[in-house]
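Structural characterization, general
One letter stands for each residue in the lines below.
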Amino acid sequence: MSTAKALVFERNGEPADVLQLKEQQLPEVGEQDVQIQIMAAPINPSDINTVQGKYPLQPSLPGVPGHEGVGKVVKVGSKVSGLSAGDHVVPLASALGTWRSAGVFRAADWHKVPRDLPIAAAATLTINPPTALCMLEAIVQLQPGDTVVQNGATSAVGQHVIQLARAKGLKTVNVIRDRPDWEAAVSWLRAMGADVVTTEQKLKADLAASGLPAPKLALNCVGGSSAAAIAKVLQAGGTHVTYGAMSMQPLAPPTALLIFKDITFRGFWISGGWAKRAGPAAHAALLDKVVGHIQQGHLTPPKLQEFPLARFSEALEASSAAHKQHKVAFVPE
């Protein structure tokens, strides 16, 4: 394999406008490098933001998007240890550019996963599941029976929070937007382990009716009034964590919560924040822990809607659809 196909952007902008499918010459495999055939690479919001130039982690231009995915090792450099041809690997670093059919990378930037791990699980392993696990384990000391409240509960992270919380004996209160298929959405989340599913407007009443204790932890990926709503139901001394801003509305912590309930507001970012502070060894251990949860049946891999690289315009459109219950991914031919 001397060439590979890749989606390339030479300037920042809307992905549909600036991405081009190109044939690229693969460089020689250096002694510390690996050649990897990409098997599947999802489209995440951070990928879209990267192409737009809005994400803090950027490849040099011209660049290839894609922070996540799974590949198979084809060749290894003479001084590479721990990886062999045929191994399945996932990125341990960000902005490696997985929207391609193959590439040559530093071996240290990839982490081996079991070959029998489902492709859908491996392709979506490195961003959303570890974000959910870290927020449940590394921010507040939670005990079985404690309550966590979150908005954006149908998001990928939201689904992982529900499933991991159930495995840990935690209760979840899940805020989603009203929608035409409300009953179907509620049934879907309850099947994952959600205890309460509600809207921003009904949150306070539904939480009170549930009999659950006031939440210790609130997880916010929406912002605006939704972020304020989940903050207001926290117990005194609770912690409110922002890891996304899907509504693009500012976060305005109610002053009374700071003064009278001593609520802590903080942020969380797995790729450029936690992973950089923790270091590669701790990052790899976290990914192995996620793999363990998948193998134990605590986490169900998402369904993939697959597209070849050549149909990237269709894939981008599919990824922007509202209320989808699958993950859009490139599966290079």
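The structure we're discussing is the one just above.
This write-up is about the structure you can find in this document. What you are looking at is a predicted structure, and each value in this text was computed from that prediction instead of being measured.

1. Looking at the sheet that holds strand β13 (residues 264-267)
Strand pairing in a sheet relies on backbone hydrogen bonds, with the paired strands running either antiparallel or parallel. The strand order across the open sheet built from six strands is β10-β9-β8-β11-β12-β13, with neighbouring strands paired in parallel fashion. Two strands bound the open sheet, and with one partner strand each, they are β10 (196-198) and β13. On average, each strand axis in the sheet is tilted by 20° relative to the strand beside it, whichever way the strands run. Helix α5 (residues 156-168) rests against β8 (147-151), β9 (171-175) and β11 (217-220) of the sheet, and its axis sits at about 160° to β9.

2. Points about a nonpolar patch on the surface
A contiguous nonpolar surface patch, about 360 Å² in accessible area, is contributed by Leu258, Ile259 and Phe260. Structurally, Phe260 can be placed in helix α9 (residues 255-260). Overall, Phe260 belongs to the exposed group, its relative accessible area being 68%.

3. Comments concerning the packing of aromatic side chains
Going through the model one piece at a time under the given rule, you end up with three aromatic pairs. Arranged with centres 5.0 Å apart and planes meeting at 55°, the rings of Phe105 and Trp110 form a pair that is tilted. Each member of the pair, Phe105 as well as Trp110, carries the same accessibility label: buried.

4. Let's talk about unusual backbone geometry
Here the residue pair Leu61 and Pro62 is connected by a cis peptide bond, since its omega of -5° sits within 30 degrees of zero. With respect to the element layout, Pro62 can be found in the loop between α2 (45-52) and β4 (70-76). Even without glycine at this site, Ala95 takes up a positive phi of about 60°. Residue placement: Ala95 occurs in the loop between β5 (88-91) and β6 (102-106). Residue classification places Ala95 among the partly exposed residues on the basis of a relative accessible area of 24%. At Asp262, a residue that is not glycine, the phi angle is positive and equals roughly 50°. Here Asp262 is to be found in the loop between α9 and β13.

5. What about the environment of Ile119?
With respect to the helices and strands, the residue Ile119 is situated in helix α3 (residues 119-123). Classification of Ile119 as partly exposed rests on a relative accessible area of 31%. Considered as a pair, Ile119 and Gly71 are 48 residues apart in the sequence and their alpha carbons are 9.3 Å apart. Excluding its chain neighbours within four sequence positions, the residues that come into contact with Ile119 are Met39, Ala40, Val70 and His88.

6. Let's talk about the pairing of β6
Looking down a regular strand, the side chains alternate between one sheet face and the other. A large share of β6 lies buried, amounting to four of its five residues. As judged from the five bridges shared by strand β3 (residues 33-42) and β6, these two strands associate in the antiparallel manner. If you follow Ile36 over to β6, its bridge partner there is Gly103.

7. Some thoughts on the packing of helix α4 (residues 128-137) against helix α11 (residues 280-295)
It is at 10 Å that the axes of α4 and α11 come closest, and there the two elements cross at 100°. Our classification of the angle between α4 and α11 gives roughly perpendicular. Contact residues: Pro129, Pro130, Leu133, Cys134 and Glu137 in α4; Leu286, Leu287, Lys289, Val290 and His293 in α11.

8. Digging into the pattern of salt bridges
Within the structure shown, the criterion is met by nine salt bridges. Note that Lys22 and Glu10 form a salt bridge whose closest N and O atoms lie 2.7 Å from each other. Of this pair, Lys22 sits in strand β2 (residues 19-25) while Glu10 sits in the loop between β1 (3-9) and α1 (15-18), placing them 12 residues apart in sequence. Note on Lys22: relative accessible area 29%, which makes it partly exposed. Note that Lys289 and Glu137 form a salt bridge whose closest N and O atoms lie 2.9 Å from each other. Here Lys289, found in helix α11, pairs with Glu137, found in helix α4; they are 152 residues apart in sequence, far enough to count as distant.

9. Quick word on helix α6 (residues 182-192)
Buried residues of α6: Trp182, Ala185, Val186, Leu189 and Met192, and no others. Buried residues in α6, looked at end-on, bunch into an arc of 120°, giving them a common side. Counted as exposed and oriented over 90 degrees from the buried face of α6: Glu183 and Ala191. Where the residues of α6 are buried, they touch α5 and β10. Just beyond α6, the residue with positive phi is Gly193, at close to 125°.

Conventions adopted
- Residues numbered from 1 in each chain as written.
- Predicted model: local features only at pLDDT ≥ 70, side-chain atom pairs only at ≥ 80, totals over all residues.
- Heavy atoms only, no water.
- Pairing = 2+ DSSP bridges.
- Helix = DSSP H or I, 4+ residues; strand = E, 2+ residues; numbered from the N terminus.
- Axes fitted to C-alpha atoms, helices over the stretch in contact; angles between N-to-C directions.
- Contact = heavy atoms within 4.5 Å.
- Patch = residues over 30% accessible without salt bridge, like charges linked within 9 Å, V, L, I, M, F, W, Y side chains within 5 Å.
- Areas by Shrake-Rupley, 256 points an atom, 1.4 Å probe, with all protein chains shown as cover.
- Salt bridge = Lys/Arg side-chain N within 4 Å of Asp/Glu carboxyl O.
- Buried < 20%, exposed > 50% of the residue type's maximum accessible area, 1.4 Å probe, protein only.
- Phe/Tyr/Trp six-rings, centres within 6.5 Å; stacked < 30°, edge-to-face > 60°.
- Parallel < 35°, antiparallel > 145°, perpendicular 65-115°, else oblique.
- Arc of directions from axis to C-beta.

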